[in-house]
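Here are the chains, one letter per residue:
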Amino acid sequence: MSEGQREQVERWFIRHGLPHLIDGYRADTDVFTRALPFLLLVFFFNVAGSFGDQFTGWGQAGIAAVSTLVILFAAALLNVLRNRRPFQVPDRVGPVELTAFVLLPTIPSFLFGGSPFTTAAAVIALNLTILGLVYFVVGYGLVPTTVWAAHQTLRHLSQLLTLMGRALPFVLVFSAFLFINAELWQVAHDFTAVSFWSAVGLLSFVAASFLGLRIPREIAEVAQFASWDRVCQLATEARSPLGEVSTENVSGDHRPPMSKPLRFNVGLVVLFNMGLQILLVSVAIGAFYTLFGVLAVREETILAWTSLETLPADDVFVRGSWLGTELVLTVQLVRVVGFLVAFSALQFAVAAVTDATYREEFFSEVTGEVREALAVRAVYLRQFEPEGAPAAE
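Analysis parameters
- Residues numbered from 1 in each chain as written.
- Predicted model: local features only at pLDDT ≥ 70, side-chain atom pairs only at ≥ 80, totals over all residues.
- Heavy atoms only, no water.
- Helix = DSSP H or I, 4+ residues; strand = E, 2+ residues; numbered from the N terminus.
- Expected span 1.5 Å × (residues − 1).
- Buried < 20%, exposed > 50% of the residue type's maximum accessible area, 1.4 Å probe, protein only.
- Contact = heavy atoms within 4.5 Å.

## A closer look at unusual backbone geometry
1) Next: We note that R239 has phi near 55°; this positive angle belongs to a residue other than glycine.
2) Next: Along the polypeptide, R239 turns up in the loop between helix 12 (228-237) and helix 13 (260-296).
3) Next: The backbone of S307 shows a phi angle near 60°, a positive value even though the residue is not glycine.
4) Next: By the secondary structure assignment, S307 is in the loop between helix 14 (299-306) and strand 1 (316-322).

The structure is reproduced here in structure tokens:
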């Protein structure tokens, strides 16, 4: 395998949201270096805001300029100590560079700030949070995963519609009884914004947990290959930059080991794709109940179910009429529908894990694509002998 083809295969892994398939994938050379432009932008915003708002006008501009010069000098000195040119962009962002990213923006707060320790603590906490998010988003390819998942959903839209056709009757049977239950409308009326989103978040978390319980078994199954013939067949079907793969060019173990970060990366892709499918089913359910509620639930019924005398003006989103019938879209209806959508997502997730028929249809498309990517990795590891480096932890 040529160097150019290797780079194409590795970019193919990244586009599929599986950067940890790259051999020797590291946080310091592959994750934070790709996020360096964003980190530099955050860095200078931190410098500009770390001395608070106690200066105005030209005074504030002067302090910002001085702070920037001090930070640039410190960064240049760090580069020199790291045997780089003073203003060279680092080709490796390791612990020293990350420590500088977190701590250097606190210098202006000690030079010019009114509450230096409080400001510095806030800047450090913010930067540590940003680094964690950057590692998670960039290191596990969440952006290409989103694009790839959307593309796969469009590609297999007919299968998804079939799955929705099987799932909707099962889900609607249970949720319909809740929808016409006066107690649920009363609970929805009593919800605050915080309690509503907390309840929806809890149901969503439980649904994701049910799917997560199944994912390790799915990963173990898709990572198993009977022979190199099967590996080469799947790698060819994947339409990767490797093209058509023959067993003549591969040898050795056809089941390369998977590190913990790689397993987590694969699991995240599977979970994300399954979550997208559940989201689409939930959106269809939400659209149905919203339309049904507007057409079938009168304002007088809402008042009776919620023990209100009149609907507050802030609770009415849209009011209109159709064929002489007054229609109203209210906060209470939206909250009921939101709760039913979250509850239906939980039902569907449980069915996808426990029912063999649902599980086969639900997991097959997602795991099939991941299995092909793992086959490409097996061939890539056999045809390319890299320098070798531990995977990012």
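## Describing helix 7 (residues 116-139)
1) Next: Between its first and last C-alpha, helix 7 extends 33 Å over 24 residues, near the 34 Å set by a 1.5 Å rise per residue.
2) Next: All of the buried residues in helix 7 are P116, A120, V123, N127, I130, L131, V134, Y135, V138 and G139.
3) Next: The positive-phi residue at the C-terminal boundary of helix 7 is G141, with phi of around 60°.

## Description of the environment of V297
1) Next: Turning to its location among the elements, V297 is positioned in the loop between helix 13 and helix 14.
2) Next: Considering only alpha carbons, one finds V297 and V328, 31 residues apart in sequence, at a separation of 8.5 Å.
3) Next: If we ignore the near neighbours within four places in the chain, the residues touching V297 are F179, W185, F292, I302 and W305.

## Regarding the side chain of N265
1) Next: Here N265 shows up in helix 13.
2) Next: For N265, a relative accessible area of 0% corresponds to the buried category.
3) Next: Look past the residues within four positions of N265 in its chain and what remains in contact with it is G17, L18, P19, H20 and Y140.

Just geometry here; none of it tells us what the structure is for.
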